[in-house]
Amino acid sequence: MLPRAELKRFAAQAAAMLARDRDLAAFEVYASSTEQIVARINCTGEIVSRGVEEVKSLAADGFALRIVTRRDPHETGSAFVAGDLSTASVKQALAQALDALVVDPDFPGLPPGSGGIAAGGGQKPGLIGVSHLVVARAAWTTLKGAVAEFARRAPPHLRNPGLIIGGDFTLTRERIAIGSSRRADIGCDQDAYFSASVTVIIEETQAKATASAIGRSSEELRRAQTSLGRDAMRRALDSRPPVRPGSGRYRVLIGPQPLGEILSYMVVPSLTSGAFYRGDSAYQGRFGSSVMDPRISLIEDATAPHGAIQRSMTCEGLPARRTLLIRDGRLSGLLSNFYDRNRLLSDDARLRKLGASAPAALDIAAGNGYRIGEHGARSFDTAIHSSASNIIIKTKDGASLAQLIRQVGNGIMIGRVWYTYPINGQRAGDFTCTVSGDSYLIEDGRISAPIAPNCLRINAHIDQVFAAPAALTARSTPTFVWGQPEAFYLPALMVDGLPLASASQ
Amino acid sequence: MKELLDAIAFLKRHGPAELARLAKSNAGTINAAVRFEVVFRRSASAENGAPRRTSEHESAALGISVATGAAHAIGYGYSGIDIGRAALRRARLIGSLRSGFEAAYERARLCEKRSAELRREFGIGAGHWAAAPPLQADKAAAYARDPRSVPNGEIAHLVAETSRAVAQLGREVAFNAISAFTESRHELFIDSDGSVISQAFAVSQGDCYVVAQSDGGGVQESHDTIGQQRGLECLTDGWPEQPMSNPGLTDFSIDLARESCELAAAPPLKPPAGEVVVVTDPHFNALLVHEIVGHPSEADRALKMEAGYAGRSWLLRSLRDNEIGRRIGSPLLSACSDPAIRAFGHYGYDHEGTPGRRVMHIDRGIFSGFMNSRATAAIMGAEPNGSVRASNVRFAPLIRMSNTFFMPGDSAPGDIIGEVEHGYYVCGNRIPSIAESRESFRISARRVYEIDHGQPGRLFRAGSVIGGSKHFFMHVDAVGNDLRLIAIPNCGKGQPMQVKRMSNGGPTLRSRARLAGGE
């Protein structure tokens, strides 16, 4: 990765160059240096495997340029250049941006200067400088923990267990620097965090258990590597023979990971100013209205002190912030970047799109404009979108998980789902997903038999989950969703009458 | 671009010797490969008739893989580096290659050592690697208009005019977004066994997204893609060649918008009870074959290497108990992956340097084989079949579909529908939801027509097909002669997620399944 000082120096040089161009009314230069290291665990007892299948990295340095001409305040162009942070590349990018000018009637200009973002980008993240081999060692330690646990505890009758241990340790590091005609300083930010997930499957007993962690310190990484493999294996070995409930409506305890999936694929994309402008939000016309149970508040907070992801500045150079999306069940805020914010607020159809309950003097902060690349880190070669960092649900009148399990009485606890999709489009709010593991029958207020992985599918609407849960936990647990860039801190919800379909019927 | 192509020429001359030297001087290296990729792309987008963005960019990146060890323990490391225009500085290019090799080698050696320890202590873990003879090849791109020669203004005009035409269809079109790109991609593969393979591709793609709203309050969101491994001509003029023809971007977008308006006014499907006769069209079958045949036929997924992410395969429970050679579908049903077809998933050589070739997955109802890599081929005792590719060179390659499709039969689509007394004609794919091993699925359709006495009648939106994979395939009783491939722009796989382009499709099929509607 490029040092922060080098990124900052380049952004300052580029900004100085662009400031001398008399044809430009405004400009922004965004430089980033990103690295992601992944150690992928794949140990299959009866099929030849490498244990840690591969250790790989991708590194990308480069910069993006946005310009506005003096000819027309709506005439704007953009370009990006990989690898070469030099004055020659700035000239090349400028030529490309000038060649790519468009007159966009909705273009509101570049974002204003941040005024007050610490140029240093806050405290140095603990994992920003660790060796790439730390990730590989963490994966091997985890795998060895799982295998040792299996060797120690597996019953002798498991002759051909069909043991699968899969997962990964992923370390993401990002640095950015922004200079623009709208700010006097060069804004800098940096972050480093890891996610880790281990899935153990024992095919002979149809047991499956997953353990995961997300964090940002070396200590958290160490804890994860010593515990995840062992914990997942213990739970898989402790698993009783699974059951296969039939189709029906059940009282269901939905755990943090399934909630994360539903939020990530269904709810968060609907809580953006872009979705309201396009008219494809599941909450279209319901801004200011009650969309969830009044005991639920949903928050995006890139600055959360305990969040795995910590950002002080957006990719538009604005202060990263806490956005209260749902307050006591009411839709009260939207994820937004500068362009989408202005386009929605100046839209003639704004009142119809937001709904009658939206405040007349509504303002939406542009606090969520990020360039999140396909690998989940900030990247110069990605356009700005409204994105979340740490998604948090806070609850009122919450109970403990044990109390909720007792309260369920007879029902189902769903601990893991996958393939969650808006089956009839985002606006419809219908979703479907498969119950993939870590799920149990609850009988007489106690967890009893595990549910066979992949035998049940949830076919429901988001309101069936969030509008009126029978109960919820007070405590939120960290989780993440494969392939999605956010960290989640979520409770468990108890929902009555959730429709579940047998996947085999 | 020309300058960066010079970097490819430079690496072609000097890369093999440098890689051989690195492999030889780093003990235990059994295979090393360098991929270098130069991409030039022009793109544009417009919304509601107004231009949003045009861009032109070029990129260059290196990917270095190193495998070390022997049969008792193999370690594998990979290093992807976005080098961009710094590749023009030859010392920097060679320096990046060396530093990338060093990082990949250190990772491989650590893994090799730990793998040997695991094997000693617990008796599990090892590695296989199928060697392949070295190849020298040069493969050219196919296009009438070189993507590098297209002015920014032309592609910007195409999307803006298309978006305007869609917006003018009426106030039912609440929102539309049109985007397009044309891209020139050059890939160089060098490995320590002596292969030097150069491939060039031209890719053009257009996307249309529409939100339509009826007076009655019905809303339909539709998205679809057209694309070819061709120049921009396939978007401006359309592309006539089967099995993957497409109209021009403007006609395509207008058709999609009109359909969306019609659907917004249509009622949501009220699903009938129980199983019904369903006739599925080629566009719907593209997603069906993708999810239920394609992904489960990837050997890494079948060998449970993805169990923690995307699941396993219903086609292989274990090496002893699997569907190879067994009937999984009606004798009318066949499916394959064929990278030789010049569709969206076309290539000559994969990213391990193996020539791509047709892989039969289902041969008249019998499951017959997986797409594989050199490592998985060795595990399964098969020959490598050239199915390993990354979405770009920064990522380590994975086993991927190419052009994966149900093969055509003899029946006319009209007859397939005409023979149905009562059933449903399911058209256009939308969203998939599948079980962990893809043994069952729920796939939503854009349009569902009720068939009454052989005639498609009333139109419904928000309909889905729910089926057991084997059950659905075994009940296929008619296969059309209307093979069509669809451009799939966004297949996600791996950690980190790689998004890949490919083609999927098939002819019209008739089977039995349950239907679902809006929740």
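Residues numbered from 1 in each chain as written. Chains lettered and ligands numbered in written order. Predicted model: local features only at pLDDT ≥ 70, side-chain atom pairs only at ≥ 80, totals over all residues.

**Side note on the overall build of chain A**
Selection rule: The way it works is that DSSP assigns letters per residue, a run of H or I at least four long becomes a helix, a run of E at least two long becomes a strand, and they are numbered from the N terminus. Our radius of gyration is a C-alpha quantity, and the globule rule it is checked against amounts to 2.2 Å times the number of residues to the power 0.38. Between the buried cut of 20 or more and the exposed cut of 12 or fewer other C-beta atoms within 10 Å of a residue's own C-beta lies the partly exposed class, and all C-beta atoms are placed from the backbone. Note on contacts: each residue gets a C-beta atom placed from the backbone, and two residues are in contact if those atoms are within 7 Å.
The secondary structure content of chain A amounts to 10 helices and 24 strands. What you see for chain A is a C-alpha radius of gyration of 24 Å, in line with the 23 Å of a compact globule of 505 residues. For chain A, the spread of C-alpha atoms along the principal axes amounts to about 80 × 55 × 35 Å. A total of 505 residues make up chain A; the buried ones form 63% of that total. The contacts of chain A with a sequence gap of at least 6 include a subset with a gap of at least 24, amounting to 75%.

**Observations concerning the overall build of chain B**
The helix and strand tally for chain B stands at 10 helices and 22 strands. Relative to the compact-globule value of 24 Å for 519 residues, chain B shows a C-alpha radius of gyration of 24 Å, a close match. Overall, chain B is about 75 × 60 × 35 Å in size when its C-alpha atoms are taken along their principal axes. The buried share among the 519 residues of chain B stands at 65%.

**Some remarks on the sheet that holds strand β14 (residues 390-395) of chain A**
All names here are of chain A. Heads up, the condition is: Strand pairing is assigned whenever DSSP identifies at least 2 bridges connecting the two strands. To get an axis, fit a line to the C-alpha atoms, keeping to the stretch in contact for a helix; angles then go from 0 to 180 degrees between the N-to-C directions.
Read from one edge of the open sheet, six strands run β11-β10-β9-β14-β23-β22, paired in mixed fashion. Unpaired on one side and paired on the other, β11 (330-331) and β22 (477-480) mark the two borders of the sheet. Relative to strand β23 (residues 487-490), β22 runs antiparallel, the two being bridged by four bridges. Pairing of phenylalanine 480 across the sheet is with alanine 487, part of β23. Packing of helix α5 (residues 256-267) onto the sheet brings it into contact with β14, β22 and β23, and relative to β23 it is tilted by some 125 degrees.

**Remarks on the interface of chain A and chain B**
Put simply, the rule reads: As a working rule, the residues Ala, Val, Leu, Ile, Met, Phe, Trp, Tyr, Cys and Pro are called nonpolar, Asp, Glu, Lys and Arg charged, and the rest polar, with Gly in that last group.
Each partner contributes to the interface: chain A provides 86 residues, whereas chain B provides 77 residues. The element contributing the most residues to the side of chain A that touches chain B is strand β2 (residues 51-69) of chain A, with 12 residues. Of the residues assigned to the side of chain A that touches chain B, the class counts are 34 nonpolar, 33 polar and 19 charged. Pairing of β2(A) with strand β3 (residues 73-82) of chain B, which is carried by six bridges, proceeds in the parallel orientation. Among the inter-strand pairings, Val55(A) is bridged to a residue of β3(B), identified as Gly77(B).

**What to know about the domain arrangement of chain A**
Quoted interface sizes are often the accessible area lost when the parts come together. Residue and element names in this part refer to chain A. Stated precisely, the cut-off is as follows: Here the bounds of each domain stem from an automatic or database domain assignment.
Domain annotation of chain A identifies domain 1 (4-238) and domain 2 (248-502). Each of domain 1 and domain 2 was reduced to a C-alpha centroid, and the two centroids are 22 Å apart. Each partner contributes to the interface: domain 1 provides 39 residues, whereas domain 2 provides 32 residues. Taken together, the elements giving at least two residues each to the side of domain 1 that touches domain 2 come down to β1 (24-44), β2, β3 (75-82), β5 (163-180), β6 (187-202) and β7 (207-215). The element that contributes the greatest number of residues to the side of domain 1 that touches domain 2 is β7, accounting for six residues. When its residues are assigned to classes, the side of domain 1 that touches domain 2 shows 17 nonpolar, 15 polar and seven charged.

**A word on the domain arrangement of chain B**
All names here are of chain B. When cut into domains, chain B gives domain 1 (2-44 + 53-139), domain 2 (147-185 + 200-264) and domain 3 (276-516). Distance from the C-alpha centre of domain 1 to the C-alpha centre of domain 2: 38 Å. Domain 1 puts 10 residues into the contact, and the matching count from domain 2 is 15 residues. Of all the elements in the fold, those that place two or more residues in the side of domain 1 that touches domain 2 are β1 (29-47) and β2 (50-70).

**Describing the packing of helix α3 (residues 133-153) of chain A against helix α4 (residues 218-238) of chain A**
Residues and elements named next belong to chain A. Convention followed: Orientation is classified from the angle alone, with under 35 degrees giving roughly parallel, over 145 giving roughly antiparallel, 65 to 115 giving roughly perpendicular, and any other angle giving oblique. Note on convention: near helix rotated counterclockwise from far helix by under a right angle means a left-handed crossing. Clockwise means right-handed.
At a closest axis distance of 8 Å, the pairing of α3 and α4 adopts a crossing angle of 30 degrees. Our classification of the angle between α3 and α4 gives roughly parallel. The two elements α3 and α4 cross, and the hand of that crossing is right-handed. For the pair formed by α3 and α4, the contact residues are Ala138, Thr141, Thr142, Leu143, Gly145, Ala146, Glu149, Phe150 and Arg153 on the first element and Leu221, Gln225, Thr226, Leu228, Gly229, Arg230, Ala232, Met233, Arg234 and Leu237 on the second. Taken together, the residues that form the contact of α3 with α4 break down as nine nonpolar, six polar and four charged.

**Here we look at the sheet that holds strand β20 (residues 484-493) of chain B**
All names here are of chain B. Pairing is mixed in the open sheet, where six strands are placed in the order β11-β10-β9-β14-β21-β20. The outermost strands of the open sheet, each flanked by one partner alone, are β11 (366-367) and β20. Where helix α6 (residues 282-294) meets the sheet, it contacts β9 (335-337), β10 (359-363), β14 (403-406), β20 and β21 (498-506), and its direction lies at approximately 120 degrees from that of β21.

**Description of the nonpolar core**
The following threshold applies: To count as a nonpolar core, a set of buried Ala, Val, Leu, Ile, Met, Phe, Trp, Tyr and Cys residues must be joined through C-beta atoms within 7 Å.
One finds Ala31(A), Phe63(A), Leu65(A) and Leu253(A) to be the most contacted residues of the largest nonpolar core, which totals 329 residues. Not counting residues within four places of it along the chain, the set of residues in contact with Leu65(A) comprises Phe27(A), Val29(A), Ser78(A), Ala79(A), Phe80(A), Ala93(A), Leu94(A) and Ala97(A).

**Details of unusual backbone geometry**
Residues and elements named next belong to chain B. For the bond from glutamine 242 to proline 243, the omega torsion is 10 degrees, close enough to zero to count as cis. Among the structural elements, proline 243 can be located in the loop between α4 (233-236) and α5 (249-264). Each neighbour pair has its own omega, and for glutamine 495 with proline 496 the value is 0 degrees, a cis peptide bond. For proline 496, the location among the structural elements is in the loop between β20 and β21. In this structure, asparagine 48 takes a positive phi of about 50 degrees despite not being glycine.

**Let's talk about helix α7 (residues 338-345) of chain A**
Residues and elements named next belong to chain A. In terms of residue burial, α7 counts as a mostly covered element, since six of its eight residues are buried. Residues Phe338, Tyr339, Asp340, Arg341, Arg343 and Leu344 constitute the buried set of α7. As for α7, its buried residues are in contact with α6 (273-278), α8 (350-354), β12 (369-370) and β13 (385-386).

**Description of α5(B)**
Residue and element names in this part refer to chain B. Going by this rule: Expected span of a helix: the number of residues minus one, times 1.5 Å.
Taking 1.5 Å as the rise per residue, α5 with 16 residues should run 22 Å; its terminal C-alpha atoms sit 22 Å apart, in good agreement. All of the buried residues in α5 are Leu249, Thr250, Phe252, Ser253, Leu256, Ala257, Glu259, Ser260, Cys261, Leu263 and Ala264. Buried positions along α5 lie against α3 (152-167), β5 (173-191), β6 (196-213), β7 (219-228), α4 and β16 (440-452).

**Examining the packing of α3(A) against helix α2 (residues 90-122) of chain B**
Their axes nearest at 10 Å, the elements α3(A) and α2(B) cross at an angle of 10 degrees. With respect to α2(B), the element α3(A) is oriented roughly parallel. Together, Leu133(A), Ala136(A), Trp140(A), Lys144(A), Val147(A) and Ala151(A) of α3(A) and Glu106(B), Arg107(B), Leu110(B), Cys111(B), Arg114(B), Leu118(B) and Phe122(B) of α2(B) make up the contact between the two elements. When grouped by side-chain class, the residues that make up the contact of α3(A) with α2(B) number nine nonpolar, no polar and four charged.

**Re the environment of Ile384(A)**
Residue and element names in this part refer to chain A. Residue position: isoleucine 384 is located in the loop between β12 and β13. The class of isoleucine 384 is buried, set by 23 C-beta atoms lying within 10 Å. Apart from residues no more than four positions distant in its own chain, isoleucine 384 is found in contact with Cys315, Glu316, Asn337, Gly369, Tyr370 and Arg371.

**Observations concerning the pairing of strand β20 (residues 456-461) of chain A**
Residues and elements named next belong to chain A. Of all six residues that make up β20, five are buried, and the element is covered over most of its length. By the bridge criterion, six bridges tie strand β17 (residues 430-437) to β20 in an arrangement that is antiparallel. In the sheet register, phenylalanine 431 faces β20, and the bridge partner there is alanine 460. Relative to strand β24 (residues 493-502), β20 runs antiparallel, the two sharing three bridges. Opposite isoleucine 458, over in β24, you have leucine 500 as the bridge partner.

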